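Structural overview for review
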Amino acid sequence: PSKRHMDIIREGAAELGLADSYQQWLNCHPAQEPSNFIKKVGKYCVIFTFTIAHGLKMPLVANIQRMILFQVYVLPTEPRWRQIVGEIAAAVIMLPTACLGLALRGFLESTGLMPPAMKKWIQSNMD
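Just so it is clear, the structure is predicted and the values come from calculations on it, not from any experiment.

1. Some remarks on the packing of helix 3 (residues 36–55) against helix 4 (residues 60–72)
At a minimum axis separation of 8 Å, helix 3 and helix 4 run at an interaxial angle of 135 degrees. As judged from the angle between their axes, helix 3 and helix 4 are oblique. On helix 4, the residues that touch Cys45, Phe48, Thr49 and Ala53 of helix 3 are Val61, Ala62 and Gln65. Counted by class, the contact of helix 3 with helix 4 contains 5 nonpolar, 2 polar and no charged residues.

Written as structure tokens, this is what we have:
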């Protein structure tokens, strides 16, 4: 899981007063922390894949990309060089979709056709 998700899980375990041994195990569990570049690329991918997969009811692009990304995923416990190679591979896979997402964002903003939910998501996650 990502660092953000692990933090949420850890906070929930503490808030619920779960066993100390379980909380210690959670604190030792490795979390994935992608680079800022990958996060930005991923966010533009979300804009494109959400619009295509959900707006146009065509999930094929998102499904294919997800299957390919699972092939290059590297666990956070792997050596750092393997994590870097995995991140580069993920960037190469996501970059075309991210470029389309960037163009789509520009088009929707300039034409005033941006759905309110997407506008809210962009404001809270990208700017």
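2. Description of the nonpolar core
Grouped together as the largest cluster of nonpolar side chains are 16 residues, with contacts concentrated most on Ile47, Met118 and Ile122. When contributions to this core are tallied by element, the ones reaching two or more residues are helix 3, helix 5 (80–111) and helix 6 (116–125). Sorting elements by how many residues they give to this core places helix 3 first, with 7 residues.

3. With respect to the confidence of the model for the protein chain
Taken as a whole, the protein chain shows an average pLDDT of 89; of its residues, 99% reach a score of 70 or greater. Mean pLDDT values over the elements of the protein chain span from 86, in helix 3, up to 94, in helix 5.

4. Details of the packing of aromatic side chains
The final tally for this structure, using the stated rule, is 1 aromatic pair. Between Tyr22 and Trp25 the ring centres are 5.9 Å apart and the planes differ by 20 degrees, which places this aromatic pair in the stacked class. Of this pair, Tyr22 and Trp25 both sit in helix 2 (residues 20–28), 3 residues apart, which is roughly one turn of that helix. Residue classification places Tyr22 among the partly exposed residues on the basis of a relative accessible area of 37%.

5. Some thoughts on the side chain of Thr51
Take Thr51: it is sitting in helix 3. The buried category is assigned to Thr51, whose relative accessible area is 19%. Sequence-distant contacts of Thr51, defined by excluding residues within four places in its chain, comprise Val46, Leu56, Leu104 and Met118.

6. Structural notes on a nonpolar patch on the surface
A contiguous nonpolar surface patch, about 520 Å² in accessible area, is contributed by Ile9, Leu16, Leu18, Tyr22 and Trp25. At the level of elements, helix 1 (3–16) and helix 2 are the ones that each hand at least two residues to the nonpolar patch.

7. A look at the pattern of salt bridges
Within this structure, the stated rule accounts for 5 salt bridges. Of the charged contacts in the structure, one is a salt bridge between Lys3 and Asp7, with a shortest N-O distance of 2.9 Å. Here Lys3 pairs with Asp7, and both are found in helix 1, just 4 residues apart, close to one helical turn. We note a salt bridge from Asp7 to Arg10, for which the minimum N-O separation is 3.5 Å.

8. Considerations on helix 3
With 20 residues, helix 3 should reach 28 Å at 1.5 Å per residue; the first-to-last C-alpha distance of 27 Å fits that figure. Listing the buried residues of helix 3 in full gives Ile38, Val41, Tyr44, Cys45, Ile47, Phe48, Thr49, Thr51, Ile52 and Ala53. Contact partners of the buried residues in helix 3: helix 4, helix 5 and helix 6. Looking one or two places after helix 3, you find Lys57, whose phi comes out positive at around 55 degrees.

Cut-off values and rules
Residues numbered from 1 in each chain as written. Predicted model: local features only at pLDDT ≥ 70, side-chain atom pairs only at ≥ 80, totals over all residues. Heavy atoms only, no water. Axes fitted to C-alpha atoms, helices over the stretch in contact; angles between N-to-C directions. Helix = DSSP H or I, 4+ residues; strand = E, 2+ residues; numbered from the N terminus. Parallel < 35°, antiparallel > 145°, perpendicular 65-115°, else oblique. Contact = heavy atoms within 4.5 Å. Nonpolar A, V, L, I, M, F, W, Y, C, P; charged D, E, K, R; others polar. Core = buried A, V, L, I, M, F, W, Y, C linked by side-chain atoms within 4.5 Å. Buried < 20%, exposed > 50% of the residue type's maximum accessible area, 1.4 Å probe, protein only. pLDDT = per-residue confidence, 0-100. Phe/Tyr/Trp six-rings, centres within 6.5 Å; stacked < 30°, edge-to-face > 60°. Patch = residues over 30% accessible without salt bridge, like charges linked within 9 Å, V, L, I, M, F, W, Y side chains within 5 Å. Areas by Shrake-Rupley, 256 points an atom, 1.4 Å probe, with all protein chains shown as cover. Salt bridge = Lys/Arg side-chain N within 4 Å of Asp/Glu carboxyl O. Expected span 1.5 Å × (residues − 1).

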